[in-house]
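Residue-level listing of the chains:
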Amino acid sequence: MAIDAATVRKVAHLARIKTPEDRLETLAGELNGILNWIEQLDEVDVQFVEPMTSNVHQPLRLRDDVVTDGGKLDCVLSNAPKSADGFFVVPKVVE
Amino acid sequence: MSDLTQLTLKAAVDGLKAKKFSSAEITQAFLSNIEASNGTLNAYTEVTADKALKMARASDARLAAGEGGALEGAPLGIKDLFCTDGVRTTAGSNMLRDFTPPYESTVTANLWRDGAVMLGKLNMDEFAMGSSNETSAFGPVKNPWKSKASNAELTPGGSSGGSASAVAADLCLAATASDTGGSIRQPAAFTGTVGIKPTYGRASRYGMVAFASSLDQAGPITKTVEDAALLLRSMCSFDMKDSTSLDVETPDWTASVGESVKGLRIGVPREYVVDGMPAEIQALWDQGVEWLKAAGCEIVDISLPHTKYALPTYYIVAPAEASSNLARYDGMRFGHRATEARSLTDLYETSRAEGFGKEVQRRLTIGAYVLSAGFYDAYYVKALKVRRRIAQDFDNVWGQVDAILTPSTPSAAFALGDKQIDPVQMYLNDVFTVTTNLAGLPGISVPAGMDANGLPLGLQVIGKALDEATVFQVAAALEDAAGFAAKPDKWW
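If you're wondering where the values come from, they're calculated on a predicted model, not measured in any experiment. (Residues numbered from 1 in each chain as written. Chains lettered and ligands numbered in written order. Predicted model: local features only at pLDDT ≥ 70, side-chain atom pairs only at ≥ 80, totals over all residues. Heavy atoms only, no water.)

**A short note on helix α2 (residues 23-41) of chain B**
Residue and element names in this part refer to chain B. Maximum bend of α2: about 35 degrees, positioned at Glu35. All of the buried residues along α2 are Ser23, Ile26, Thr27, Ala29, Phe30, Leu31, Ile34, Ser37, Asn38 and Leu41. Elements in contact with the buried residues of α2: α1 (9-17), β1 (44-47), α3 (49-64), β2 (75-79), β3 (117-122) and α5 (161-168). With its phi angle positive at about 60 degrees, Asn42 sits one or two positions after the end of α2. (Bend = angle between axes of the 7 residues up to and from the residue. Helix = DSSP H or I, 4+ residues; strand = E, 2+ residues; numbered from the N terminus. Buried < 20%, exposed > 50% of the residue type's maximum accessible area, 1.4 Å probe, protein only. Contact = heavy atoms within 4.5 Å.)

Structure (structure tokens):
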């Protein structure tokens, strides 16, 4: 299942990482190396095996749907690249 | 004064309680060591000297009043992926270069509750993705050890390379670390220190910068097995803020250190012999078996047939989880934001391209690929099924054995730059450690010997889920038999 430059372009977009055109071939080579190595998993018989999503042998805890915390506007905004009047400010990106 | 920095954590805590020295004294001794050494070793990304001395004076006041917690006055280093309230936390990334959390991780909160003093934040591979610390945006950490055969600078391993290097070079009494595929145990093995990853769910992940949530687990890197038991106990707790946190008691593991291992059954998995493994690693492993036999253990040959599939499984599961976890870094609410963008998507893409380093980008791309339509079942679901096979391998042997002995790493520390060209070669470093992350089991690395060039090598003990007690018991027996007391020659 060889990955080509077009596939890398598509996946990089899915990952939301801008990738310059001249990097695509190199990345395709690296990803192919990793995926070829990963393909040895095809040797394993996994028929009738349930996917394992967690190591935790206990039911997921639920809590009451109530506010336990809050009033931390300054904390929430403290690492914003830009903020004003209690809001995140994002750059204007529409025409 | 300098000998204070060579104390074990246990000896320091005892000395502080007995008022042989003050926390301010030992803290100052470490700060002086850091000041003199960090320019070369690059173990700390941030030294919090003022905060450390303030915490130390508060500890001294408590000690003077006959009070104080289990770690009262002990200066520690903190891996830079534990959020520390008001202290910059970068996870080794440019993405978080200016991030100062307004909250504290549960693990570090537990340490301050027990009286520990924070010296600063320790360097690491970017978002814990790496086995050599070369992916850090703050530059590689150097291993205090050097080979007798060459003057080359060596990696301390990764991703907790700053933690391992700082402990080995006496830049802290002990350090916090985290382990997703071997990131505690591999650097411990490379630096002649002890590192344990506990059972998944023992330590809260709240406030730890996430890499792969189903695998990440916090643990300590220390000078001795007893220190590891002492520090791990403080780090672990049940935490409502982490839905995967286990509601179980945290035992006093120091009680297991020194307990006889007579009659314990130790498994030796035949599949842990890998192609091209140096003869020295096999010899060390054989030696470990002999030590445990001499201590009265019964050695049992066991089979973990899916071992060879653990690393490829990991390199699907971990990037998939990372691509989901790291989606939060989009330049909007925190983290790096690109200054020039023509559209919303362009802003995301440019911010992430600028903020993430090469290895992180590579793994996020793999993660997006294995989760994408058309490949989700073939790669991701398949890997989750193999993961269950790997976990079942362990379940199948616990009836026959109480713990498992393996080498920690397939080699001693390698030179910086040595394995950067081929990502797969780099990934193979975690071949012995990654299985326990996939299965959620505790694993410890203990320094057990040297290679021909005088570099430390580690042995790993793997235990049943929640049975850290036996892991510490066996690890202490190995430590006792090995008598590893060597320190690196000071060149830095």
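**Considerations on empty space enclosed by the protein**
To locate leftover empty space, one rolls a probe as large as a water molecule over the atoms. All names here are of chain B. Evaluation of the coordinates by the stated rule reveals 1 cavity of 30 Å³ or more. Reported here for the largest cavity is a volume of approximately 40 Å³. Forming the walls of the largest cavity are Ala128, Met129, Gly130, Ser131, Gly181, Gly182, Ser183, Phe211, Tyr314, Tyr315, Arg363 and Asp430. For the lining of the largest cavity, the class distribution of residues is 5 nonpolar, 5 polar and 2 charged. (1 Å grid on protein atoms, 1.4 Å probe; cavity = no way out; pocket = protein on both sides within 12 Å on 5 of 7 lines; lining within 4 Å. Points joined across faces, edges and corners; volume = space filled by probe spheres on them. Nonpolar A, V, L, I, M, F, W, Y, C, P; charged D, E, K, R; others polar.)

**Section: helix α9 (residues 310-325) of chain B**
In an α-helix there are 3.6 residues to a turn, and that puts residues three or four apart on one side. The end-to-end C-alpha distance of α9 of chain B is 22 Å, a good match for the 22 Å that 16 residues give at a rise of 1.5 Å each. Within α9 of chain B, 15 of the 16 residues are buried, leaving the element largely enclosed by the surrounding structure. (Expected span 1.5 Å × (residues − 1).)

**Examining the side chain of Thr27 of chain B**
Residue and element names in this part refer to chain B. Locating Thr27 in the fold gives a position in helix α2. Since its relative accessible area comes to 0%, Thr27 is described here as buried. Here Ser23 takes part through its backbone oxygen, which lies 2.7 Å from a polar atom of the side chain of Thr27. For Thr27, the residues in contact, after removing those within four places along its chain, are Ala52, Leu53, Ala56, Gly73, Pro75, Val117 and Leu119. (Polar contact = N/O pair within 3.5 Å; in protein donor to acceptor, adjacent residues only side chain to side chain.)

**Thoughts on the packing of aromatic side chains**
Residues and elements named next belong to chain B. Inspection of the entire model under this criterion finds 20 aromatic pairs over all chains. Both rings, one in Tyr315 and one in Tyr427, keep their centres 3.7 Å apart while their planes meet at 10 degrees; by these two values the pair is stacked. Remark: Tyr427 occurs in helix α13 (residues 423-427) and Tyr315 occurs in helix α9; sequence separation between them is 112 residues. When its relative accessible area of 2% is taken as the criterion, Tyr315 is described as buried. Judged by relative accessible area, which is 1%, Tyr427 ranks as buried. With centroids separated by 6.2 Å and ring planes inclined at 90 degrees, the aromatic side chains of Tyr329 and Phe356 adopt a geometry described as edge-to-face. Residue Tyr329 is located in the loop between α9 and α10 (344-355), and its partner Phe356 is located in the loop between α10 and α11 (358-371); the two are separated by 27 residues in the primary sequence. Judged on exposure class, the residue Tyr329 and its partner Phe356 are both buried. Across from the ring centre of Phe138, 4.4 Å away, lies the NZ or CZ of Arg97, which sits over that ring. Across from the ring centre of Trp491, 4.1 Å away, lies the NZ or CZ of Lys146, which sits over that ring. (Phe/Tyr/Trp six-rings, centres within 6.5 Å; stacked < 30°, edge-to-face > 60°. Lys NZ or Arg CZ within 6 Å of the ring centre and 35° of its normal.)

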